[in-house]
Amino acid sequence: MRPVQYNTNSKVKMVDLPPGYAGEGFYATSFDKVVGLARKNSLWPLPFATSCCGIEFMATMGSNYDLARFGSERMGFTPRQCDMLLVAGTISKKLGPILRQVYIQMAEPRWVVAIGACASTGGIFDSYSVLQGIDQVIPVDVYVPGCPPRPEGIIDGILKLQELVGNESLRRRTSDQYTALMQSYGIQ
Amino acid sequence: MTYDNIREKLTANFGEQVSYEEQYDMLNVTLPAELNLKLMQFLYDDEEMKFRFLTDLTATHFPDRKGEELNIIYHLHSLENNIRLRLKIYVPIETPDVFTATRLFAGANWMERETYDFFGVNFIGHPNLKRILNAEEMDYFPMRKEYTMEDPKRTDKDDEMFGR
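Okay, so let's go over this structure. (Residues numbered from 1 in each chain as written. Chains lettered and ligands numbered in written order. Predicted model: local features only at pLDDT ≥ 70, side-chain atom pairs only at ≥ 80, totals over all residues.)

What follows is about the overall build of chain A. Secondary structure summary: chain A contains six helices and six strands in total. Written out in order from the N terminus, the α and β elements of chain A read β-β-α-β-α-β-α-β-α-β-α-α. Overall size of chain A, expressed as C-alpha extent along the three principal axes, is 65 × 40 × 25 Å. Considering chain A as a whole, with its 188 residues, one finds that 31% of them fall into the buried category. (Helix = DSSP H or I, 4+ residues; strand = E, 2+ residues; numbered from the N terminus. Buried ≥ 20, exposed ≤ 12 C-beta atoms within 10 Å, placed from the backbone.)

Dropping the structure here:
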């Protein structure tokens, strides 16, 4: 039958429009909200997976849990293309500077999710060789608890991050507060 | 080839300088630090024994044994006879010096670096004696008993939380 009609009985959910002023042939809203909407539904993840949390993350990206449903693009294995750094696993002190380097190579705006107990606090590895939480070397936006967290937990963490991204002010990255935060990590 | 043969050969060559002990069905040979290369070379060259494979090299720290705190352990394997041997050297912690085995076994290179990294054993003549596993800016030898297992700089984990 022509023309073919796709998705006539679809359950595909479209993103809601942000509040604004609509009329005949036009729609007006604030720039912040449009940019936030676009950013939060097309986050490009950069996985930095070192151990078992990485396995759970792979399940999250696989077809059963399918993170792409929530508006997450494909994984990009280069920091230059990505805006969401997912640190999954134990980070040793020797690996700390490398993680920092990866973070620095990402372009602004960038967000970081610490997946699991090790990335968040060092976890059970209360040891001379393990970094006691990645927030010692880079700023973290969302912490996902668990050892390792289930894919549902990781999805929840990313949804939380989407909330942050969607509501972020466009001036945040140039604010004094943000510059001070970066300087406290010795970045820039 | 049995442990008795090995004992005989070693005693004939090195006399009273080495001592023996059987532990977990394996012969321990304890020897003075300055003799390690000569003894390993002898075990390597001997036409019958042929200990030509270095399985492992590590150290142990005994803080209570004054004057011989660090124990350096070599595990040798004679592939032809399928027989294993443990060499032990005790050195004081102030002067943890032994000769490197890298000329004899190329595989000793990284093992000696690891032993240096964790115990601070100074392998004299090693071509590249620097840290291998730990961060280079680390300023102590973490497997020595005077250092705690835990991260000394941690602030958020108190002993109560971890039941210590």
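Here the narrative resumes, following the displayed structure.
This part takes up unusual backbone geometry. Residue and element names in this part refer to chain A. Residue proline 109 follows glutamate 108 across a cis peptide bond; omega there is -5°. In this structure, proline 109 sits in the loop between α3 (96–105) and β5 (111–115). For the bond from cysteine 147 to proline 148, the omega torsion is -10°, close enough to zero to count as cis. Note on placement: proline 148 falls in the loop between β6 (142–144) and α5 (151–166).

What follows is about the packing of helix α1 (residues 31–40) of chain A against α5 of chain A. All names here are of chain A. Contact geometry for α1 and α5: axes closest at 8 Å, N-to-C directions at 155°. Classified by the interaxial angle, the pair formed by α1 and α5 is roughly antiparallel. The hand of the α1/α5 crossing is right-handed. Every residue of α5 that contacts α1 at Gly36, Leu37, Arg39 and Lys40 is listed here: Gln162, Val165 and Gly166. Grouping the amino acids of the contact of α1 with α5 by side-chain chemistry returns two nonpolar, three polar and two charged. (Axes fitted to C-alpha atoms, helices over the stretch in contact; angles between N-to-C directions. Parallel < 35°, antiparallel > 145°, perpendicular 65-115°, else oblique. Left-handed = near helix turned anticlockwise from the far one by under 90°. Contact = placed C-beta atoms within 7 Å. Nonpolar A, V, L, I, M, F, W, Y, C, P; charged D, E, K, R; others polar.)

Residues and elements named next belong to chain A. With 16 residues, α5 extends 22 Å between its outermost C-alpha atoms, agreeing within 8% with the 22 Å of an ideal straight helix rising 1.5 Å per residue. Residues of α5 that are buried include every one of Ile154, Gly157, Ile158, Leu161, Gln162 and Val165, and no others. Along the axis of α5, the buried positions cluster into a sector of 150°, meaning they face one direction only. Those residues of α5 hidden inside the fold are in contact with α1, α2 (52–61), β4 (84–88), β5 and β6. (Expected span 1.5 Å × (residues − 1). Arc of directions from axis to C-beta.)

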